[in-house]
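# Examination of the molecular architecture
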Amino acid sequence: MLEIINISKTFLPGTVNERKALDNVSFRMEDGEFITIIGSNGAGKSTLLSAIAGSFPTDRGKVILDGEDISSMPEYKRSRSIGRLFQDPLSGTAPGLTIEENMALVYLQGKKTANSFSRIGKEEREMFRERLRPLDLGLEDRLEQPVGLLSGGQRQALTLLLATLYPPKLLMLDEHTAALDPGSAERIMTLTKDIVRENRISCLMVTHNMRQALDAGSRTLIMNAGKIVADISGDERAGMDVGKLTDLFRNAAGSEYANDRMILSS
Ligand SMILES: Nc1ncnc2c1ncn2[C@@H]1O[C@H](COP(=O)(O)OP(=O)(O)OP(=O)(O)O)[C@@H](O)[C@H]1O
Ligand SMILES: [Mg+2]
């Protein structure tokens, strides 16, 4: 489904700040697979997602999505089949627009028959409410309110909904619950798992949280210094707890890189 072949990326080459962020990374992801990615700060996790999203040209390597080589496809085109969420809950929605307007933008963009004169009618409004209801945040009764009035958790829930309004082939989550309070983080994680399962979306999720890395999905990659240093699935992963994953992380990534936040946050 997704094939990453020998991707490398060096930032600021030839300068004192030169950084090899991705070092010949390859992996294959099956249809509907949910992979979690852990690694210390600067390991190259976000850079890997950006390379897949097409945020910059890579130095080397290929990205193949559903058999199509998208390596030179611009980011905006890739975004039609790849959804992405970031850590900052404010980044995925427009604060000055209402919930309905935010939803309408995404809805009309993805609708083949829509044009710039298309408007949202009663039917669509009801559909938006139906989609908001399962979030269980009461947003279905706040369609006319600006998104800027929502809490971080509410906004991230809306962003998740928008990213999957038309289910993408691939959903990439970059520590999308890290900036939320524990209760909101858990709610967003549950929603994420539900939406991914119901729509059979393939998902790559970066997290700093060892528990989250094991609880979601069925495979975990450990990254260090721009490389994938461990790929855990099947029986090995089924028998893994946070303690074992932490040991493995320390061995694979070097103990000096394990940070307390990863281990202690539950
Ligand atoms: N646009 C950029 N320009 C220069 N260097 C960059 C850029 N983006 C990332 N880097 C560098 O590339 C390396 C990998 O960064 P990346 O953001 O992928 O790490 P990460 O694993 O996501 O870390 P974190 O857990 O802190 O989010 C780091 O050394 C970083 O400083
Ligand atoms: Mg990152």
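Just so you know, these numbers come straight off a predicted model, no measurement behind them. (Residues numbered from 1 in each chain as written. Chains lettered and ligands numbered in written order. Predicted model: local features only at pLDDT ≥ 70, side-chain atom pairs only at ≥ 80, totals over all residues. Heavy atoms only, no water.)

Inspection of the region around ligand 1 gives 13 residues, with Arg19, Gly42, Lys45, Ser46 and Thr47 positioned closest. In the environment of ligand 1, an oxygen atom lies 2.8 Å from a nitrogen or oxygen atom belonging to the backbone of Gly42. In the model, an oxygen atom of ligand 1 is placed 3.1 Å from a nitrogen or oxygen of the Ala43 main chain. The protein chains hide 65% of the 630 Å² of surface that ligand 1 would expose on its own. At the level of secondary structure, the elements contributing two or more residues to the shell around ligand 1 comprise strand 2 (19-29) and helix 1 (45-53). (Near = heavy atom within 4 Å. Polar contact = N/O pair within 3.5 Å; in protein donor to acceptor, adjacent residues only side chain to side chain. Areas by Shrake-Rupley, 256 points an atom, 1.4 Å probe, with all protein chains shown as cover. Helix = DSSP H or I, 4+ residues; strand = E, 2+ residues; numbered from the N terminus.)

With the rule as written, the count across this model stands at twelve salt bridges. Residue Arg219 is joined to Glu33 by a salt bridge in which the shortest nitrogen-to-oxygen separation is 3.2 Å. Linking Arg219 in strand 9 (residues 219-224) with Glu33 in the loop between strand 2 and strand 3 (34-39), this pair joins segments that are 186 residues apart in sequence. Of the two residues, Arg219 and Glu33, both sit in the buried class. As a salt-bridge pair, Glu126 and Arg129 come within 3.4 Å of each other at their nearest N and O atoms. You can see Glu126 and its partner Arg129 sitting in helix 4 (residues 122-132), three residues apart, about one turn around the helix. What makes Glu126 partly exposed here is its relative accessible area of 36%. Through salt bridges that share partners, Glu3, Arg28 and Glu30 make up one connected network. (Salt bridge = Lys/Arg side-chain N within 4 Å of Asp/Glu carboxyl O. Buried < 20%, exposed > 50% of the residue type's maximum accessible area, 1.4 Å probe, protein only.)

Attention now moves to empty space enclosed by the protein. Under the counting rule described, the total for this entry stands at one cavity of 30 Å³ or more. Taken as a whole, the largest cavity holds about 40 Å³ of empty space. Around the largest cavity sit Ile7, Ala51, Gly54, Phe56, Pro57, Thr58, Val63, Ser71 and Arg78, which together line it. The class makeup of the residues in the lining of the largest cavity is five nonpolar, three polar and one charged. (1 Å grid on protein atoms, 1.4 Å probe; cavity = no way out; pocket = protein on both sides within 12 Å on 5 of 7 lines; lining within 4 Å. Points joined across faces, edges and corners; volume = space filled by probe spheres on them. Nonpolar A, V, L, I, M, F, W, Y, C, P; charged D, E, K, R; others polar.)

Ile99, Met103, Leu132, Leu158 and Leu171 are the most contacted members of the largest nonpolar core, which has 34 residues in total. Elements represented by at least two residues in this core include exactly helix 3 (99-110), helix 4, helix 5 (152-163), strand 7 (170-174), helix 6 (182-198) and strand 8 (202-206). Structurally, this core is a two-domain feature, drawing no fewer than three residues from each of domain 1 (2-81 + 170-264) and domain 2 (96-167). In contact with Leu158, other than residues within four places in its own chain, are Thr93, Ile99, Met103, Leu132, Val147 and Leu150. Formed by 27 residues, the second largest nonpolar core is a distinct cluster that contains Val25, Phe27, Met29 and Ile82. (Core = buried A, V, L, I, M, F, W, Y, C linked by side-chain atoms within 4.5 Å. Domains from an automatic or database assignment. Contact = heavy atoms within 4.5 Å.)

A word on the pairing of strand 3. Taking burial as the measure, the six residues of strand 3 include six buried ones, the bulk of the element. In strand 3, alternate side chains face the same way, and those of Phe34, Thr36 and Ile38 on one face and Ile35, Ile37 and Gly39 on the other are all buried. Relative to strand 9, strand 3 runs parallel, the two being bridged by five bridges. Within strand 9, the residue paired with Gly39 across the bridge is Met223. (Pairing = 2+ DSSP bridges.)

Quick look at the layout of surface pockets now. Rolled over the atoms, a probe as big as a water molecule pinpoints where empty space is left. Put simply, the largest pocket is a space of about 880 Å³. What lines the largest pocket is a set of 29 residues, among which Ser79, Ile82, Val106, Gln109 and Leu162 lie closest to the centre. With five residues, helix 3 is the largest single contributor of residues to the lining of the largest pocket. In the lining of the largest pocket, the residues fall into 14 nonpolar, nine polar and six charged.

Here helix 9 (residues 242-253) spans 16 Å end to end across twelve residues, near enough to the 16 Å set by a 1.5 Å rise per residue. Where helix 9 is concerned, the buried positions are Val242, Leu245, Thr246, Phe249 and Ala253. Angularly, the buried residues of helix 9 cover 100 degrees about the axis, an arc narrow enough to put them on a single face. Positive phi shows up at Gly254, right after helix 9, with a value of about 90 degrees. (Expected span 1.5 Å × (residues − 1). Arc of directions from axis to C-beta.)

Before going further, it helps to examine the sheet that holds strand 10 (residues 227-233). Pairing in this open sheet of six strands is mixed, and the strands run 6-7-8-3-9-10 from one edge to the other. Edge positions in the sheet fall to strand 6 (82-85) and strand 10, since each has one partner strand and no second. In this sheet, adjacent strand axes meet at a mean angle of 20 degrees when their direction is disregarded. Taken together, the six bridges between strand 9 and strand 10 define a ladder with antiparallel strand orientation. For Arg219, the partnering residue across the bridge sits in strand 10 and is Ser233. Contacts from helix 5 reach strand 6 and strand 7 within the one sheet, and its direction differs from that of strand 6 by about 175 degrees. (Axes fitted to C-alpha atoms, helices over the stretch in contact; angles between N-to-C directions.)

Everything listed is a geometric property; what it means functionally is a separate question.
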